Amino acid sequence: MEILETLINGLSSGGTYAMIALGYTMVYGIAKMLNFAHGDIIMVGGYTIFVTMGLTGNPILGLLAAVLFCVVLGVVVERVAYKPLRGATPLAVLITAIGVSYLLQSVAQMIFKSSPKMVMIADLGNVEFLGLYIPMYVIVTLICSVIIMVVLSLFVRFTRTGRAMVAVSEDRGAAQLMGISVNRIITVTFAIGSALAAFAGFFMLMKSPSLTNTMGAMPGIKAFTAAVIGGIGSIPGAMVGGIVLGLIEACSYKITVIAPYTDAIEFLILILLLLVRPTGILGKKRREKV
Amino acid sequence: MTEKLKRLKWKNFLNCVVVAAFTLVFGVLSLTGSLNGSSIILIERIAISILLAVSLSVVVGFLGELSLGHAGFMCIGAYLGGKAAALLDPVLGTGVLSLLISLLVGGVCAAVCGLIIGLPALRLRGDYLAIVTLAFGEIVRSLFMNSSDESFGGALGLETPRFDKQSLFIYAFLLVLLCLVVIQNLLRSKHGRAITAIRDNEIAARATGINVTYYKLLVFSVSAFFAGLAGVLYSFSNFTVQSGKFGYNYSIEILVMVVLGGMGSINGSMISAALITFLDVNLQTLLTGDMAVLKNFLYALILIGLVLYNNAPALKGFREKYRLRAVMERIRERKPDPSKERDDEAKWDRVPTKIDMDEVLSVSPLKSQGDETSEPGEEERP
């Protein structure tokens, strides 16, 4: 029974990871850059929820405000920091992204100080199901993440913008020749990724209410790991990778001997996977053309 | 010709001479007892930062790969070197011999780890490699943090014997000197040109017969070796080594030094490492509590601003017009010395970059003829 509970916990944190990983993987697939600041967008979303809930007390309003603010922030960051570097070396873009991540963290600390803030979103209690006690937030997270993923997949497959996104990720030059505005698609991608980050921030606060300026850093890096495990650039891959990572984490926390090394184990899996299969579980192989 | 050769050599080792001069001056000052404790600590920290920045600069600026785990190599050096020193302490005491053995232990262990991290670097590039190095740094930190109390002190940190305060910085500067000589000789040799060729175009470098595997592993292990040495120095200048110090943030701090100094410039890295460490130590006492974060804010702005300025394609024209070298050349062109001018003289001091080569190759024969007849600089000559 305990194993089942662990697995369900793992599924729920895997859902959160998958949501963050989706943001990484979409940006990577379309803008061909690793958005290091993605994890910190989660943190900004968390603080927006904190402020809005302080004003209104309504968690749903908080979530909406966070989504709105994160979308605006994501688009602004893309315009100011990443867009001028389109066509420059990947190393330059990567360093700028690290700079943005650092900037967001330090600004948040300057405004909200370093002491953790408590954000009690809602106490939903536990649910008894077949003799298992499962916290309600786990179920909410799981259901919401599944809904979001399904909506996103449908969006990408059936709308004009979604298909344009696929086209840009396949071949940017050809997409441009077909009349797709690449800049607009990249902006939309950043907006969607940031909205997903805001949702992820909401679910993370539901799980543990303490909010600091580095709250997004570690989950961000781990979610990137998830995206790589699933195969970067692939939306189902991000989901699979996130859930695999969540399950590994939940199981590793349960085994007392290796529990303190959980982070190390996850990163070790990443390194080994990259050595054996750099394209991830669902990724496609790409030949480098000269 | 021989005169010119001599001058060139002298210029190449100017930074070594400067470092040696500093070492001498500080040595004399410390012998006369006119250096106080805080400035000695500052000097030690500057030497450690220079070691770290120069070694990272080889990977980032010359090999063109981003390493976010440089603090991890330093961590290995600090823990293993510190442990070696603690074990040697009852036998040898904390003398020069124990320092040397610890340096060797820490440096070699870090270099071996660099070799291991270089292995994924063979298959991965750019973003993936950055994440792998970051993951490596976190793994190292987590392993030392969760170690048992007897082995590496666990969360409390490893207690290390402290070296004689009045002379450690001299050895630190000697190590900086060693690092400069080794790395500059490496980069100026045939091997250095192979490394920059890999940075500019790996596939083309491979096609011309450069052993990419060998050079990547070489660069990673050399860089890790010197970061390990910096770690050992750190453990000797402190009573305890704590794993919290060597996090992701510290790696970023080193990266800021390299970016601020200019990618692919050893002297620049040295100057910015000294400058940032100096500011860091002084700001530490000025900014306390939550204001300490202002420092990180500044780092972030420096990183973004510099990278945008140096790399944005839209600013290319502006950069080329107002670059220091371009401005200097314009000043020099006004008064050329005709006796020293030879048209068959190639500019050996400047290794052409990929962009330069593209420009050279794309010039049409008709246009190049026109260029030869009317050099823009020659017309203005009085």
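Residues numbered from 1 in each chain as written. Chains lettered and ligands numbered in written order. Predicted model: local features only at pLDDT ≥ 70, side-chain atom pairs only at ≥ 80, totals over all residues.

Asker: Describe the overall build of chain A, listing the residues and the values that go with them.
Answerer: Regarding its fold elements, chain A presents eleven helices and four strands. Radius of gyration (C-alpha) of chain A: 19 Å, near the 19 Å computed for a compact globule of 290 residues. Overall, chain A is about 60 × 45 × 35 Å in size when its C-alpha atoms are taken along their principal axes. Looking at chain A residue by residue over its 290 residues, the buried ones come to 50%. Partitioning the contacts of chain A with sequence separation of at least 6, the portion at a separation of at least 24 is 75%. (Helix = DSSP H or I, 4+ residues; strand = E, 2+ residues; numbered from the N terminus. Rg over C-alpha atoms; globule rule 2.2 N^0.38 Å. Buried ≥ 20, exposed ≤ 12 C-beta atoms within 10 Å, placed from the backbone. Contact = placed C-beta atoms within 7 Å.)

Asker: I'd like a rundown of the overall build of chain B, residues and numbers included.
Answerer: A count of helical and extended segments in chain B gives 19 helices and two strands. In chain B, which comprises 382 residues, the proportion classed as buried is 39%. Counting only contacts in chain B whose residues sit at least 6 apart along the sequence, the fraction spanning at least 24 positions is 81%.

Asker: Report on the pairing of strand β2 (residues 126-129) of chain A, specifying residues and quantitative values.
Answerer: All names here are of chain A. Of the strand pairs in this sheet, β2 and strand β3 (residues 132-135) are connected by four bridges, and their pairing is antiparallel. Each residue of the ladder has a partner; that of Val 127, found in β3, is Ile 134. Between the antiparallel neighbours β2 and β3 lie two residues, among them Leu 130 with a positive phi of about 55°. (Pairing = 2+ DSSP bridges.)

Asker: So what's going on with the environment of Glu 138 of chain B? Residues and values would help.
Answerer: Mapped onto the secondary structure, Glu 138 of chain B falls in helix α6 (residues 126-145). C-alpha separation for the pair Glu 138 of chain B and Gly 69 of chain B, spaced 69 residues apart in sequence, amounts to 7.8 Å.

Asker: Explain the packing of helix α12 (residues 248-261) of chain B against helix α13 (residues 266-286) of chain B residue by residue, including any values.
Answerer: The geometry of a pair of packed helices is captured by two quantities: the angle between their axes and the separation between those axes. All names here are of chain B. It is the contact of α12 with α13, at a shortest axis distance of 7 Å, that shows an interaxial angle of 125°. Considered as vectors, α12 and α13 are oriented oblique to each other. In this structure, the crossing between α12 and α13 has a hand that is right-handed. Along the contact surface, α12 presents Val 256, Met 257, Val 258, Leu 260 and Gly 261, while α13 presents Gly 268, Ser 269, Ile 271, Ser 272, Ala 273 and Ile 276. (Axes fitted to C-alpha atoms, helices over the stretch in contact; angles between N-to-C directions. Parallel < 35°, antiparallel > 145°, perpendicular 65-115°, else oblique. Left-handed = near helix turned anticlockwise from the far one by under 90°.)

Asker: Any chance you could break down the interface of chain B and chain A for me, citing the residues and the numbers?
Answerer: Contacts between chain B and chain A engage 36 residues on the former and 38 residues on the latter. Of all the elements in the fold, those that place two or more residues in the side of chain B that touches chain A are α5 (96-123), α6, α12 and α14 (293-311) of chain B. Looking at the side of chain B that touches chain A, the element that brings in the most residues is α6 of chain B, giving twelve residues. Grouping the amino acids of the side of chain B that touches chain A by side-chain chemistry returns 26 nonpolar, six polar and four charged. (Nonpolar A, V, L, I, M, F, W, Y, C, P; charged D, E, K, R; others polar.)

Asker: Describe in detail helix α8 (residues 182-207) of chain A, supporting the description with residues and values.
Answerer: Here α8 of chain A is 26 residues long and its end C-alpha atoms lie 38 Å apart, about the 38 Å a rise of 1.5 Å per residue gives. Within α8 of chain A, 19 of the 26 residues are buried, which leaves it mostly tucked inside the rest of the structure. (Expected span 1.5 Å × (residues − 1).)

Asker: Can you explain the packing of helix α2 (residues 38-55) of chain A against α8 of chain A? Please cite residues and give values.
Answerer: Residue and element names in this part refer to chain A. Two numbers describe how α2 lies on α8: the axes approach to 8 Å, and their chain directions differ by 60°. Taken as axis vectors, α2 and α8 run oblique relative to one another. Handedness of the α2/α8 crossing: right-handed. Of α8, the residues touching α2 (which contributes His 38, Ile 41, Ile 42, Gly 45, Gly 46 and Ile 49) are Gly 193, Ser 194, Ala 197, Ala 198, Ala 200, Gly 201, Phe 202, Met 204 and Leu 205. Residues of the contact of α2 with α8, tallied by class, amount to nine nonpolar, six polar and no charged.

Asker: Kindly report on helix α1 (residues 2-31) of chain A, identifying the contributing residues and their values.
Answerer: Think of an α-helix as turning once every 3.6 residues; residues three or four places apart then point the same way. All names here are of chain A. Taking 1.5 Å per residue, 30 residues should reach 44 Å; α1 reaches 43 Å between its end C-alpha atoms and fits that length. In terms of residue burial, α1 counts as a mostly covered element, since 23 of its 30 residues are buried. Lys 32 sits one or two residues past α1 and shows a positive phi near 55°.

Asker: Break down the nonpolar core for me, citing the residues and quoting the values.
Answerer: Counting 191 residues, the largest nonpolar core has Cys 70 of chain A together with Leu 51 and Leu 303 of chain B as its most contacted members. Setting aside anything within four residues of it in sequence, one finds Leu 51 of chain B in contact with Leu 175, Val 176, Cys 179, Phe 226, Leu 229 and Ala 230 of chain B. (Core = buried A, V, L, I, M, F, W, Y, C linked by C-beta atoms within 7 Å.)

Asker: So what's going on with unusual backbone geometry? Residues and values would help.
Answerer: Not every positive phi belongs to a glycine, and Lys 32 of chain A is a case in point at roughly 55°. Here Lys 32 of chain A is to be found in the loop between α1 and α2.

Asker: Quick rundown of the environment of Ile 46 of chain B? Include the residues and the values.
Answerer: Relative to the elements of secondary structure, Ile 46 of chain B occurs in helix α3 (residues 37-63). Look past the residues within four positions of Ile 46 of chain B in its chain and what remains in contact with it is Ala 274, Thr 277 and Phe 278 of chain B.

Asker: Lay out the environment of Gly 118 of chain B in plain terms, naming residues and giving numbers.
Answerer: Relative to the helices and strands, Gly 118 of chain B resides in helix α5. The spacing of Gly 118 of chain B and Lys 216 of chain B is 98 residues in sequence and 6.5 Å in space, taken between C-alpha atoms.

Asker: An account of the confidence of the model for chain A is needed here, citing residue identities and associated values.
Answerer: Mean pLDDT for chain A: 86, with 96% of residues reaching 70 or above. Taking the mean pLDDT of every element in chain A, the minimum, 72, falls on β2 of chain A and the maximum, 92, on helix α3 (residues 59-82) of chain A. (pLDDT = per-residue confidence, 0-100.)

Asker: Got a sec to walk through the confidence of the model for chain B? Specific residues and values, please.
Answerer: Residues and elements named next belong to chain B. On average, chain B scores 80 in pLDDT, and the residues at 70 or more come to 83%. Averaged over each element, pLDDT in chain B is lowest for helix α19 (residues 376-379) (45) and highest for helix α11 (residues 212-237) (92). Predicted confidence is poor over residues 367-382, with pLDDT under 50, and the contacts of this stretch with residues over four places away or in other chains come to four contacts. The ipTM value of the predicted complex is 0.82, and its pTM value is 0.81.

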